[in-house]
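# A look at the structure
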Amino acid sequence: MIVSGEMSVAVGREELWAVLSDPQRLAQALPGVSDVTIEDEQHFSAVAHPFTALGETPVALEFEIVEVRAGEFVAIAATGSAGENLLTLTLSLELASTADGTTASWRAEVGLRGVLASLLQRGLAELLREQVDAVLCAAAAISTADRG
Amino acid sequence: MSTPPGETTFYPEVEQSDRLGVWSGKSVPRKEDKRLLKGQGAFVDDLWMHRQGHVHFVRSPHAHARIVSIDVSRAEALPGVYATLTGEEVGELQQPFFQMAPEPAGLMKDYCMAVGKARYMGEPVVAVLAESAELARDAAALVEVVYEPLEVVVDGIATIEPQAPVLHEEIGSNVAWHGVYDYGDVDWALENADHVVRIDRLHFHRFSSTPLETTGALVNWDPGTGVVEFRSNNQMPMFAAMFIGPAIGLGIDHMQFSSQDIGGGFGIKITSYTYLTALALLSRKAGRPVKWSESRWEHLAASAHGNERTFLDIEVPVMSDGTILGFKVRAFDDAGAYLRYEPLGAVIWAQVVPGNYRFKHVRVDYTETLTNKCPVGPNRGYSRLQHLWLIERIVDIVAKELNFDRVALRALNYVQPEEFPYETPNGCIYDSGDYPAMLEQVLELIDYEGALKRKLESAGSGKRIGIGIGSTLDSGTNNFGQSRIINSALPFSGNGEAAVVRLDLYGEITVTIGTSPQGQGHETTAAQVTADILGCSPDLVHVAAGYNKAANTYVGFSGTYASQFAVTGLGAVMGAAEQLRGEIVKVGACMLGAEESDIELADGFVRLAANPEAAIPFIGIAATVFANVAELPGELADSVTLNCRYVYRPPFTVPDHETKRGKLTLTYASQVHAAVVEVDDETGQVTILAYAAVDECGRKVNPKIVEGQVHGATGHGIGAALYESFEYDADGQLLNSTFADYHAATSLDVPHIATGEIECPSPFTPNGAKGMGEGGGAPLSTIASAIEDALPEGAHIVFDSHNNSERVYDLLRSAALGGPRGVEVISR
């Protein structure tokens, strides 16, 4: 499943990038994410807790940053598991400066294996949008707070 | 002994009992309902054993993957977890299940859990046993399985291409079975017909049953006696025993099967033997009873699906007067990942080769294939409903393409009432019927003339009216000898069922049967026939609920499946009741000092026919035999037990492997359905405006139970026609494994069903009854027929058995697009 979106925030591109590239800081402000562990510059892990028809469904995710152009673009690959369900994700995020701040364009390709493939086939797109928006909003909020 | 090809022999006509009729044939209220309606039924999840643990299966998220490693250490470390069982252990503890397919598919190594490789999404990989179901599930989440994903194949035809990934390396291909059924001379018919109608492709979709109670079992491997007790809702226990016993080294004497109430089965609970095997191994390992209840998603994703079948290159020879000479077709049946009951489906359809029609020339080139999908199993109308749907599609398409009236074309080509018993091209014998009368009645029930008028009036309104007809057969009482058509080495033939009827010390009449009912009302109907034969009320007859191997009322194919209880089950009960009656009469005659011919049984008494005042109640007979036997002459005492066991055996011979001819089943109940639908031109939504079903199943034992079965089968079929279809993506992921996405039809979806009936007693059964209840998938044909009737001129033919709004929308638009219609006619 391919999902994409775009969001504008009233924060400068560099400021936003600074937060987005610091998962530890970002994690503290994120809803539904726990156990963020930084392994090295390219790898980190986290547990997401989305609500599905099964209730809260913890998904343990391993992330790898596969491409980065500082300040403007990052591509991340992730694999995860929720019990016997498996998830694969490739996410690319591109930042562009605008007169009012920054526009973030993103694109995700998600593969699910297991009952979640059935349960989430209609809800996954919205779930992803919510999660990405939450990340961007959180990053913008932290940036604003830093500035203040 | 086989019947020589070309020689017609009917079954011997059976002398039918003249004692039935006081209670049989009446809609006696169901004895079972008292406890079921009060919530006092006993289903698998109601069972409990001391020290039992609960099982959760870890299942493969991949449709095809090598299992690289399994780590259960974190799960086993959790307090309250008793044991785990992995596929690797299963590979050491279990022999592969016996295969019915001939080689090379017969080389398949099928285990109760994935060993080395997972071949469908949802396949069990690890079993976890814990003190609660919740803990077992949590522990299962800690099991770490590393998979190496493999290429997936989900297309039942593409799977035989050389580049397709092979599921079972030991077989070497994904072909499970192939054979050509060739009856009459179809080449001659195609050369000499006035018209040949060619249909490119028809597809019968994959769906299943959704019983209220999912599969489950409580299994205990007794370490002391070595006896394994299976309390389950398996619906064909002795078939399960045939697979489980050799696989884990158990004799029949070391397997005890029982059930009480079963919340629906419809065939798909036949193949639960794989789970029973896993539970037995886990119980032995843990040294405690194990209990498992399948969740709904497990049921939808990984129990058993109905067979999906694609028909290609259909050619139909038709004469100018409308006589359809037969047809030829290539059929591809998708069995999923394993052959759990297959390839029996590759021959079961041949019970109904010409459907309800007088087709003489039929060739079916049949291939059964393997794909990375849930294994198939018998599902209401098993293997025949796909073929019967094909035939009804053929008849409708021929009518439309050659401008015949669909009603008249059916009436012309039906087997006519005076032709019964009727021999089909492959040697099956249709016992009785009157299809034209059923057609006439069902059209009256939907107000056919009114519907035609309404169709005309609806033109241009945006709501298209279509009228559909579906004729079908419900063949019942299998001859398991048909399995030899697919594998001549199989040691199966005939069929049977056992029953015991007893008179106990205080005059109680007790019946035990080898069947495992799932809602069919066996307790009631068995009581009705017993009461008729023994001259008492059904209220005095206690029929043991469910199946219990310990009751010694079983034979090799005992169980409840394939529309046969009214013949085999009640045949056994009648035989045993007649034996008991004979013993009661003997003892009564002796006690009354009369001849046996002077005795009658009535109202629970043995009495002199000429002087009813001279009577002994059943308790007097029983008390004498059991507790006062010295009062009887020794010779008489030695000859009566009041405990009579009878095995009913249908008069089958072995079908011929080479010619694929033979008598494959004993009775042919039939149904003709009709519907009026409204199709929304803008959205493709189909609304059923009127629906009717006329049933014929010989002499009915309990008409209300029959009507209930007709309603159930109709609802099931309507659901499949419009709502229920398993959809896999290209990766083999089932996209609708919950009721959120797999919409099982409810009472809100099923319209009022007008029912009618006719009665054509079977001459081949002891009570004139025919098995019924499967319904032959008539609604699938009927709805497809009605939708096609509603489509605009030039539209593509209705090519699929599942027609949701999206598909109907595409069909509606196809007329304007002007592409191929999927059919062509060659006229001479």
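Remember, it's a predicted structure, so these values are computed and weren't measured experimentally. (Residues numbered from 1 in each chain as written. Chains lettered and ligands numbered in written order. Predicted model: local features only at pLDDT ≥ 70, side-chain atom pairs only at ≥ 80, totals over all residues.)

Moving on to the environment of B:R502. All names here are of chain B. The residue R502 is located in strand β19 (residues 497-503) in this model. Note: C-alpha distance between R502 and V541 (39 residues apart in sequence) is 9.8 Å. The residues contacting R502, other than those within four sequence positions of it, are T510, L642 and N643. (Helix = DSSP H or I, 4+ residues; strand = E, 2+ residues; numbered from the N terminus. Contact = placed C-beta atoms within 7 Å.)

Right, let's get into the confidence of the model for chain B. Residues and elements named next belong to chain B. Looking at chain B as a whole, its pLDDT mean stands at 96, while 99% of the residues score no less than 70. Here residues 1-5 is modelled with pLDDT under 50, and outside its nearest four sequence neighbours on either side it reaches 14 contacts, counting other chains as well. Among the scores for the predicted complex, ipTM is 0.83 and pTM is 0.94. (pLDDT = per-residue confidence, 0-100.)

Our focus in this paragraph is the sheet that holds strand β26 (residues 665-680) of chain B. Residues and elements named next belong to chain B. Read across the open sheet, the four strands follow the order β18-β26-β27-β28; overall the sheet is mixed. What marks the edges here is a single partner per strand, and that holds for β18 (463-478) and β28 (754-757). Ignoring strand direction, the axes of neighbouring strands in this sheet form an average angle of 20°. By the bridge criterion, four bridges tie strand β27 (residues 686-696) to β28 in an arrangement that is parallel. In the strand pairing of β28, V694 is matched with G756. Sheet strands touched by helix α19 (residues 703-722): β27 and β28. Its angle to β27, the strand with the most contacts, is close to 140°. Against the sheet, helix α20 (residues 778-790) touches β18, β26 and β27, its axis set at about 160° to β18. (Pairing = 2+ DSSP bridges. Axes fitted to C-alpha atoms, helices over the stretch in contact; angles between N-to-C directions.)

Turning next to the sheet that holds strand β20 (residues 509-513) of chain B. Residue and element names in this part refer to chain B. Taken in spatial order, the four strands make up an open sheet running β21-β20-β19-β25, and their pairing is mixed. Looking at which strands have only one partner, the edges of the open sheet turn out to be β21 (541-543) and β25 (643-648). The sheet shows a mean angle of 20° between the axes of neighbouring strands, taken without regard to direction. Where β19 and β20 come together, five bridges link them in antiparallel fashion. Looking at β20, one finds that V501 is bridged to V511. Contacts from helix α16 (residues 565-592) reach β19, β20 and β25, with the element oriented near 30° to β19.

What follows concerns the interface of chain A and chain B. Residue-level contacts link 12 residues of chain A with 16 residues of chain B. Counting only elements with at least two residues in the side of chain A that touches chain B, the list comes to β8 (85-98) and α3 (115-119) of chain A. Broken down by element, the side of chain A that touches chain B gets its largest block of residues, four residues, from α3(A).

The nonpolar side chains of soluble globular proteins are, as a tendency, buried together. Residues and elements named next belong to chain B. Membership of the largest hydrophobic core comes to 291 residues, with the highest contact counts inside it found for V128, L279, V573 and I787. At 12 residues, α16 tops the list of elements feeding residues into this core. Leave out the neighbours within four places in its chain, and V573 touches A499, V501, V511, I513, A526, V529 and T530. (Core = buried A, V, L, I, M, F, W, Y, C linked by C-beta atoms within 7 Å. Buried ≥ 20, exposed ≤ 12 C-beta atoms within 10 Å, placed from the backbone.)

Residue and element names in this part refer to chain B. What the domain assignment lists for chain B is domain 1 (44-150 + 215-293), domain 2 (179-208 + 304-481 + 655-817) and domain 3 (496-648). Between the C-alpha centres of domain 1 and domain 3 there is a distance of 40 Å. Taken residue by residue, the interface counts 16 residues in domain 1 and 17 residues in domain 3. Listing elements by their share of the side of domain 1 that touches domain 3, those giving two or more residues are α6 (237-248) and β11 (255-258). Here the side of domain 1 that touches domain 3 is built from residues that sort into seven nonpolar, eight polar and one charged. (Domains from an automatic or database assignment. Nonpolar A, V, L, I, M, F, W, Y, C, P; charged D, E, K, R; others polar.)

It is worth spelling out unusual backbone geometry at this point. Glycine aside, the phi torsion of most residues is negative, and most peptide linkages are trans. In the segment running from B:E103 into B:P104, the intervening peptide bond is cis, with an omega of 10°. Along the chain, B:P104 falls in the loop between α3 (87-93) and β4 (117-118). Here the residue pair B:F420 and B:P421 is connected by a cis peptide bond, since its omega of -10° sits within 30 degrees of zero. Of note in the backbone geometry, A:D35 takes a positive phi value of approximately 55° without being a glycine.

Quick look at the environment of B:Y742 now. All names here are of chain B. Along the chain, Y742 falls in the loop between α19 and β28. Classification of Y742 by C-beta neighbours within 10 Å gives buried; the count is 23. Y742 sits 445 residues away from W297 along the chain, and the two C-alpha atoms are 9.9 Å apart. Not counting the four nearest positions on each side in its chain, Y742 is found in contact with L300, E724, N736 and S737.

Quick look at the packing of helix α10 (residues 384-402) of chain B against α20(B) now. Axis angle and axis distance: for two packed helices, these are the angle between their axes and the distance between the axes, and together they describe the pair. Residues and elements named next belong to chain B. Interhelical geometry of α10 versus α20 gives an angle of 25° and a closest axis separation of 9 Å. Judged by the inter-axis angle, α10 sits roughly parallel to α20. Our pair here, α10 against α20, has a crossing hand that is right-handed. Facing α10, whose interface residues are L385, L388, W389, E392, R393, D396 and K400, α20 presents L780, S781, A784, S785 and E788. Classifying every residue of the contact of α10 with α20 by side-chain character gives five nonpolar, two polar and five charged. (Parallel < 35°, antiparallel > 145°, perpendicular 65-115°, else oblique. Left-handed = near helix turned anticlockwise from the far one by under 90°.)

Next up on the list: helix α17 (residues 618-627) of chain B. Among the residues of α17(B), those classed as buried are B:F618, B:I621, B:A622, B:T624 and B:V625. Projection of α17(B) onto a plane perpendicular to its axis shows the buried side chains occupying an angular sector of 160°, all on one side. (Arc of directions from axis to C-beta.)

All names here are of chain B. One ladder, built from four bridges, connects strand β22 (residues 599-602) with strand β23 (residues 605-608); its direction is antiparallel. If you follow L601 over to β23, its bridge partner there is V606. Hairpin connection, β22 to β23: the antiparallel pair is bridged by two residues, and D603 has positive phi, about 55°. In terms of strand pairing, β23 meets strand β24 (residues 611-617) through four bridges, oriented antiparallel.

All names here are of chain B. Contact geometry for α19 and α20: axes closest at 7 Å, N-to-C directions at 45°. Regarding the angle of α19 to α20, the classification is oblique. With respect to the hand of their crossing, α19 and α20 are arranged in right-handed fashion. Residues T714, G717, I718, A720, A721 and L722 of α19 lie in contact with α20, whose contacting residues are A778, P779, L780, I783 and A784.

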